[in-house]
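Spelled out from the first residue to the last, the chains are:
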Amino acid sequence: MILSNFWGKGIHREPHMVAIGPYHHGRPHLEPMEDHKRKALFRVLSLSPGLEISNFVEALEQREQELLDHYDELDTRNWPSDSFIKMMLLDGCFLLDFLCELDTVVEPPLDQSIRKQLLNTYGHAVLIRDILYLLENQIPGLVLDVLIDVGDCECFPDSSERPLFSEALHLLDLGRRSLLGPKAFIDSKPCDSPSNVPGFSTCDAPQERKVCAICEEASCGAGVIFKKLEDSTDLFDLSFSGGVLSLPELVLDETSEGMLTNMVAFERMYPQSGTGVTSFLSFMDALIDTAEDVSFLGKEGILKNSLGSDEAAAKIFNKFGIHGMCDPSIRQTYFTNPWTILSLIGALLLIFLTIVQTAYTVVPYYQKNGA
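Every value quoted in this text rests on a predicted model; they were computed, and no experiment measured them.

Let's talk about the sheet that holds strand E1 (residues 225–228)
Right, so step 1: Pairing in this open sheet of three strands is mixed, and the strands run E1-E3-E2 from one edge to the other. In this open sheet, the two edge strands, each paired with only one partner strand, are E1 and strand E2 (239–241). Strand after strand, the sheet turns through a mean of 25° between neighbouring axes, direction not considered.
Right, so step 2: Pairing analysis gives three bridges linking E2 to strand E3 (residues 244–247), with the strands arranged antiparallel. The residue of E3 that forms the bridge with Phe240 is Leu245.

Thoughts on the pattern of salt bridges
Right, so step 1: Per the counting criterion, the structure on display carries 13 salt bridges.
Right, so step 2: The shortest N-O distance in the salt bridge between Arg27 and Glu14 comes to 3.3 Å. With a gap of 13 residues between them, Arg27 in the loop between helix H1 (4–7) and helix H2 (32–46) and Glu14 in the loop between H1 and H2 connect regions that are remote in the sequence.
Right, so step 3: Judged by relative accessible area, Glu14 falls into the partly exposed class, the value being 34%.
Right, so step 4: The salt bridge involving Asp97 is made with Arg43; its shortest N-O contact spans 2.9 Å. Placement of the pair is Asp97 in helix H5 (residues 81–100) and Arg43 in helix H2, with a sequence separation of 54 residues.
Right, so step 5: Residue classification places Asp97 among the buried positions, given a relative accessible area of 3%.
Right, so step 6: A relative accessible area of 2% means that Arg43 is categorised as buried.
Right, so step 7: Residues participating in the shared-partner salt-bridge network are Asp173, Arg176, Arg177 and Glu267.

Conventions we followed
- Residues numbered from 1 in each chain as written.
- Predicted model: local features only at pLDDT ≥ 70, side-chain atom pairs only at ≥ 80, totals over all residues.
- Heavy atoms only, no water.
- Pairing = 2+ DSSP bridges.
- Helix = DSSP H or I, 4+ residues; strand = E, 2+ residues; numbered from the N terminus.
- Axes fitted to C-alpha atoms, helices over the stretch in contact; angles between N-to-C directions.
- Salt bridge = Lys/Arg side-chain N within 4 Å of Asp/Glu carboxyl O.
- Buried < 20%, exposed > 50% of the residue type's maximum accessible area, 1.4 Å probe, protein only.

Take a look at the structure:
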């Protein structure tokens, strides 16, 4: 199942500069980047003395079925074994070249990489978008691990700094995990199927439990104080204690909506990976309803909005949010001032007493007439 099943045709689906993986491979406007993939292959080979292309091909062929299983609705008739493995090799080398800056460690220097050519340009941001943020433009993280292991690649000279790419399904998932932080995956329980609620799974996900618990506590408290976390940017370091709601800084820019769209779609398609991003966005939607809410969180240092308007930021959260976790109007209208709380309690008490008085008046009448 691919992204169109969830989001339809939209601007956040298709790559603008480079095809990674089979879904967009061969599209004419992406062909110019194929030459850079071949240059990246030679950079990887130059860092692997004594090895030939065949060594990498053989290693990938041993995992071919595992790699094919990562793709849904892939017609293998259009992808004979040699073509599929060649694509995995070239795309994997291109990603290593871009992510590891291989042009800075190759001796003697080869042609400038596309990363360096586009550095500090709009094209660099577009390329990052295509590589990191598009669900349908990915290859399995396993490919990168195989290439690094076979080539004994020096782009991670310190083994402690090397990420294990296969721990995530692909780079989008790796970025999602990094965004959420390790606390989002503590005590997670796998599940197999999505629920009837869009964006949520049927499993007992710790991400959902934590968000719902914080939301319930905050909505029942008086005079909630918002505080920016100074020592963390992990989304799941949010907490509520003693009337203080602590949140990490969240940056919104022109890439945010596309990135979040693809991450939410990923969580719907792979519920076993958790629903951390979806849960966090639903929580933010409970806090943000209008531009004024965005402005308030901005003044508190929690939301850094680079979109140009607070209205645009509010629309993003309202787009992703799943209503029902908490009522934002309660926080905004009633629980920011203790006098309003007393007024609310007094109004509810008056309504209750009115109902009781009416009951004592009406019930004896019906009992008398029914006798």
